[in-house]
Structure formats: structure tokens, C-alpha cells
Amino acid sequence: MSINTEEMILNMGPQHPSTHGVFRLKLHVNGETITKAEPVMGYLHRGSEKLAEGFIYTQFIPYTDRLDYMNAMTNNYIYCAGVEKLLDWEIPERAEYLRIITMELNRIASHQLWWGTYLLDIGALSPFLYALRDRETVLDRLNEISGARMTFNYMRIGGVKWDAPDGWIEKVKESVKVLRENIAEYDELVTGNEIFQARTMNVGTLTKEQVINWGLSGPIARGSGVDIDIRKTEPYSIYDRFDFEVPVETKGDAYARYKVRIAELHQSLNIIEQACEQIPAEGDIIHKKGARIMMIKPPAAEAYTRAEASKGEIGVYVVSNGKTKPYRVKLRRPSFVNVSILQDMLVGESIQNVVAIFGSLDVVLGEVDA
Amino acid sequence: MFRLLKGFGITLNYFRKRKVTIQYPEEKVAMPERFRGIHRFFPDKCIVCDLCVKVCPTDVITLTGKKSEENPKKKIIDTYNIDFQGCILCDFCTEVCPTDAIVMTARFENLSSYNRSTHFKDMEWLTNNHAYGYYEESEAGPEAGSRGEVK
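- Within an unreviewed UniProt entry, the label attached to chain B reads NADH-quinone oxidoreductase subunit I, and the organism entered is Evansella alkalicola.
- According to the UniProt record, the Sequence similarities (unreviewed entry) comment for chain B reads "Belongs to the complex I 23 kDa subunit family."
- Recorded in UniProt for chain B, the comment headed Catalytic activity (unreviewed entry) runs: "a quinone + NADH + 5 H(+)(in) = a quinol + NAD(+) + 4 H(+)(out)".

- Taking an unreviewed UniProt entry as the reference, chain A is identified by name as NADH-quinone oxidoreductase subunit D belonging to Evansella alkalicola.
- Under Subunit (unreviewed entry), UniProt gives the following word-for-word description of chain A: "NDH-1 is composed of 14 different subunits. Subunits NuoB, C, D, E, F, and G constitute the peripheral sector of the complex."
- Quoted straight from UniProt, the Catalytic activity (unreviewed entry) entry for chain A says "a quinone + NADH + 5 H(+)(in) = a quinol + NAD(+) + 4 H(+)(out)".

Considering the overall build of chain A
For step 1, the next point in the chain: Helix and strand content of chain A: 15 helices and eight strands.
For step 2, the next point in the chain: For 370 residues, the compact-globule estimate of 2.2 N^0.38 gives 21 Å, and the C-alpha radius of gyration of chain A, at 21 Å, lies within 12% of that figure.
For step 3, the next point in the chain: Oriented by its inertia axes, the alpha-carbon framework of chain A measures out at about 75 × 45 × 30 Å.
For step 4, the next point in the chain: A buried classification covers 61% of the 370 residues belonging to chain A.
For step 5, the next point in the chain: Of the contacts formed within chain A by residues at least 6 apart in sequence, a portion of 72% connects residues at least 24 apart.
For step 6, the next point in the chain: Here chain A has roughly 14200 Å² of accessible surface; of this, 52% comes from carbon and sulfur atoms.

Some points on the UniProt feature "binding site: [4Fe-4S] cluster 1" (unreviewed entry) in chain B
Residues and elements named next belong to chain B.
For step 1, the next point in the chain: Mapped onto the present numbering, the UniProt feature "binding site: [4Fe-4S] cluster 1" (unreviewed entry) falls at C46, C49, C52 and C97. Judged by maximum C-alpha separation, these annotated positions cover 52 residues in sequence but sit close together in space, the widest gap being only 10.8 Å.
For step 2, the next point in the chain: On the secondary structure map, C49 appears in the loop between β1 (39–41) and α2 (51–55).
For step 3, the next point in the chain: Summarising the element assignment, C52 is placed in helix α2.
For step 4, the next point in the chain: C52 has contacts with I61, L63, Y80, C93 and V96, leaving out every residue within four places of it along the chain.

Points about the side chain of K161(A)
For step 1, the next point in the chain: With respect to the helices, strands and loops of the structure, K161(A) is situated in the loop between β5 (159–160) and α6 (168–191).
For step 2, the next point in the chain: One polar contact links K161(A) to D91(B), side chain to side chain, over a distance of 2.5 Å.
For step 3, the next point in the chain: In terms of polar contacts, K161(A) uses its side chain to reach the side chain of E95(B), at 3.2 Å.
For step 4, the next point in the chain: Those residues in contact with K161(A) that sit more than four places away from it in its chain are N153(A), Y154(A), R156(A), I285(A), C90(B), D91(B) and E95(B).

Considering the packing of α6(A) against helix α11 (residues 254–278) of chain A
Residue and element names in this part refer to chain A.
For step 1, the next point in the chain: The interhelical angle for the contact between α6 and α11, taken along N-to-C directions, is 160°, at an axis separation of 10 Å. Considering their axes alone, α6 and α11 lie roughly antiparallel with respect to each other. The handedness of the crossing between α6 and α11 is left-handed. Across the interface between the two elements, I169, V172, K173, V176, L179, R180, I183, A184, Y186, D187, V190 and T191 from α6 touch Y255, Y258, I262, L265, H266, L269, N270, I272, E273, C276 and E277 from α11.
For step 2, the next point in the chain: A per-class count over the contact of α6 with α11 returns 15 nonpolar, three polar and five charged.

Considering the sheet that holds strand β8 (residues 328–332) of chain A
All names here are of chain A.
For step 1, the next point in the chain: The strand order across the open sheet formed by three strands is β6-β7-β8, and the pairing between neighbours is antiparallel. Of all strands in the sheet, those with a lone pairing partner are β6 (301–308) and β8, marking the two edges. Within the sheet, the average angular offset between the axes of one strand and its neighbour, ignoring direction, is 10°.
For step 2, the next point in the chain: Here β6 runs beside strand β7 (residues 313–320); their pairing, made up of eight bridges, is antiparallel. Pairing of A307 across the sheet is with I314, part of β7.

Looking at the UniProt feature "binding site: [4Fe-4S] cluster 2" (unreviewed entry) in chain B
Residue and element names in this part refer to chain B.
For step 1, the next point in the chain: When the UniProt feature table is mapped onto this chain numbering, "binding site: [4Fe-4S] cluster 2" (unreviewed entry) sits at C56, C87, C90 and C93. These residues run over 38 residues, yet every pair of their C-alpha atoms falls within 10.8 Å of each other.
For step 2, the next point in the chain: With respect to the secondary-structure elements, C87 resides in the loop between β3 (75–83) and α3 (92–96).
For step 3, the next point in the chain: The exposure class assigned to C87 is buried, which follows from its relative accessible area of 18%.

Thoughts on the packing of helix α4 (residues 93–121) of chain A against α11(A)
Residue and element names in this part refer to chain A.
For step 1, the next point in the chain: In the contact formed by α4 and α11, the axes pass within 9 Å of each other and the chain directions differ by 155°. Overall, the two elements α4 and α11 adopt an arrangement that is roughly antiparallel. Where α4 crosses over α11, the two elements pack in a sense that is left-handed.
For step 2, the next point in the chain: For the contact of α4 with α11, the per-class residue count stands at 17 nonpolar, four polar and four charged.

With respect to the nonpolar core
For step 1, the next point in the chain: Counting 119 residues, the largest nonpolar core has L98(A), I101(A), W115(A), I157(A), W168(A) and F242(A) as its most contacted members.
For step 2, the next point in the chain: A per-element tally of this core places α4(A) first, with 13 residues.
For step 3, the next point in the chain: Within the second largest apolar cluster, 21 residues are counted, among which are I38(B), L63(B), C87(B) and A101(B).

Cut-offs used in this document
Residues numbered from 1 in each chain as written. Chains lettered and ligands numbered in written order. Predicted model: local features only at pLDDT ≥ 70, side-chain atom pairs only at ≥ 80, totals over all residues. Heavy atoms only, no water. UniProt positions renumbered as here; feature names shortened; annotations may be inferred. Helix = DSSP H or I, 4+ residues; strand = E, 2+ residues; numbered from the N terminus. Rg over C-alpha atoms; globule rule 2.2 N^0.38 Å. Buried < 20%, exposed > 50% of the residue type's maximum accessible area, 1.4 Å probe, protein only. Contact = heavy atoms within 4.5 Å. Areas by Shrake-Rupley, 256 points an atom, 1.4 Å probe, with all protein chains shown as cover. Polar contact = N/O pair within 3.5 Å; in protein donor to acceptor, adjacent residues only side chain to side chain. Axes fitted to C-alpha atoms, helices over the stretch in contact; angles between N-to-C directions. Parallel < 35°, antiparallel > 145°, perpendicular 65-115°, else oblique. Left-handed = near helix turned anticlockwise from the far one by under 90°. Nonpolar A, V, L, I, M, F, W, Y, C, P; charged D, E, K, R; others polar. Pairing = 2+ DSSP bridges. Core = buried A, V, L, I, M, F, W, Y, C linked by side-chain atoms within 4.5 Å.

In C-alpha cells, the structure reads:
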């Protein structure tokens, strides 16, 4: 015999700690089962796209830092790459390598923070401490080269702002060795843990069809067997020069997404190691016209570029009308697209799994609301 | 169950390893030379070119100049203010400055206060902002703020 209760609306957020920002989920529940879920977003909306229209091209770069503040380097890159496509500029070799190294370091920092906070959300405290300890190593390297720990503002249209300081490449090589050992520890600490497996296996399963229909990307898509990584399928920058694999899992549950991200950490370390070997010892770091940041004026045209951020496919659509300010900047933010799946995948789940599912999507609210 | 205990083993191992915690208010992390902290201003170097005002994305810098008494063709700085309520420490002002008159120090703290008006910092405050960071050592020499080579 089952007791039918009245449907109740449960508000999760906007200040729920597991959302790592301000995100509201309106859950319609029948007993403990969710019958309908409505994501409500916009609490962190700053109008970044509109702001871009009032800025000269370079001035918008610090604002891209503040979209996905966990992975700001790729945001920097993709905006600069979009404008470079309009300008049709050749980027100096050394700048490309510095971009790759910093982007991959940032991807590691982003995944590490996800690893720590996801486990914190589902009830394990100590992994958070391990994750932040290792993230500190990465942030120190990024701080040395860019002068900030999270809002780097490091890339410039046509190259990068600063060359690597003396001995920085060697320091990165050292850090890669340290990180490789520490990340191997993550596996022993958490991956095999029975409680963790029971909490994440067969939770929040996404089918391949769902992923494709909702346009999801990044580790979420790869966790469901969709083999797509823009670094491989459509190599931007100089990613075609490196030897790395794209980890794909087929089960599509939270545990599969977890395993994809852990495997990506190792692949990123591989890329950094190869880039540190291949980087030319010296050379220009910015296109000869790029250093005059007030004078950048692309011809009237439009361009779309995309890249693989730690959360998924990030894209920038820039329209220029031949003046010093962009006519329109459209940002395709992976977290915004990925979070939309919640209304589909939460139906039929129980309340205690909401945090485990939401955390496994790895969304950053700065990027959802832009 | 075995894997669970293995995890505990790792934690136990850390009892004999080095501590990584920094006791923040007492101990401070040394920020690298490029760190984009709170500004410092050198009035003697400023040529009142207005570039920092133009490049600032948040429009927080305001300045005025006056004619120099010794050389009427030259302009010198009269007032220079940064409103730290809106400053995002993006470093564009130091990037465009042709004479390195505005630089960023390694100072990252002690800017918060209880009212808004105290975030408005004038030229005197910005000039005397040398209590923190690497500018302290190089203060004696003529090369105070040798940031040019980093660029």
C-alpha cells in the first residue's frame, strides 16, 4: 500500500552551499521523489555580453576572467582567439606554448577544485584539503607568470602579456612531478572507496541520446560515451602537436564523470610535460601590432571560435563593425548549457541524490549567469 | 572495506610529512614580483598623458594636470585618484603607462573599511603606499620600482 501525499515545492538555494554560488532549484516533490525540477538562474547576472559592447577589444579580457573563475585562462584564450581570427594574425610560437601550458595548468586547478568540493558535498571532508593543497602548487605557478591567482588577465590579443620569468619552465616541470604523485594518491584515497562508489554509481545516469539532444559537452558528454574533445576533433592553437588521449567512459553516471575528470588530470600533465620540452627557448610573445592595446581595430566581419574548457565547449562569437569596440560579443558558456539538463535528469530521483547529481555536473555559477 | 582502510592509511602517513599550512595573519605568503596588488603612484614620473584613464575598464581613475612653473611646455600632475570600490586590479593602467608612473605593488590586504568614502584614495595615499611588497627594499636606490624590465 502506498500513501499518496500532496505535492510539495521545495526550494534549494539560492544560498545552498552545494551550488557554490547563487543558484536556485525549484523542486516539486512527492514524498521523497522529485516529480519536476526547475532551475532558476540569473542571481549572478552581470551582463558581460552587453558590457563588451562598451569596451575597446582588450578591455573585455579581465571580464572573461570572471565568467568561469575556476578556469579563467581558457576564457581569456577563447576571447583573444576570436578577435585574432577577425584580425587574421599569426601568433608567435613561444606565445602559443605559453598559452598551452597555462591553459592546461588551469584545467588541472579547475578539476582539482571540483574533486575536492564534490566530495565535500557528498560528505567527505579530507579530500578537500588534499585538493586545495595541490591546487596551491598550480596557482603559485600561475601567480608567478600572470600576477594573479584566479583572475589572470594574462592573454592579450596577438599573444600573451608577459614572458615566463627566469626558471619558470623548470619550476613547472618540478610541479608536474609533484602533482603526478599527488594525483595518484587521489585514486587510492577516494576512487576505490566503497562508500563513495555506493554514493555515485548508478546515480544521475545520462544516456548518449540525452547528452546529444541537450547539447552537453565536456566531461559530462565523455562520461556518457560521446567521444568529443575539441582539442582532438578540431585542434585549435597547437594542440595537434601533442600526444594525449581523450578519456571516455560509457556508463554515464556520476562515477563515470568522476573517472573522466581524474583521467583528464593525468592527460593534462602529459600535455604540460610535452609543451615544456618543445617550447622554443626565446622568441616574441606577442604579435608586433598586439602590444599597442589601444589601437586594435579588426575589419568589419564576424567570427566564431571554440575551445575545450574544463567544463565543456566554450565559444565566442565576435561581430566587428570596423571600429575599436566590438559590435557584439556572444559567449557560449558550457556551464549554462550543462545546467539545463537538471530539469530532465532530476525527475524520478530522490532528494538525497540531488546534491550528488548537481555536483557531478561541475557548473560554475559565474559562467551560468555571465 | 579494504579500500576504505587504504584511504585511512594515506591520511595516517601524513603525520610524518611536512606541514603545508601557513598561519596566515602571523605568517604571510610572499607574493611574486609580478603580483597585481594595490597601486603605487610616482608623481615625479607622471607626464599627464591620460592613457591610464582611457584604458581603465571601470573608469575609476581620475586625474588633473597643471602647467609646470619651470617649463611652461611641460605638464605636471595635480591630482590623481583611484576609487577602489570599482577597481578590478586588471593592470591595464600600468601596462599602458609610458613612464611607469603607476605601478602595482605586492600588497594585497588592508584595503577593506567600514564606509565607502575611505575607498577613494588620493595621490598622497597612493604615493606613500610602499609599506608592502618588493618596493620596500629597492626604495633606497634610484631604481625604485624597476618594473620596466619585467614587461
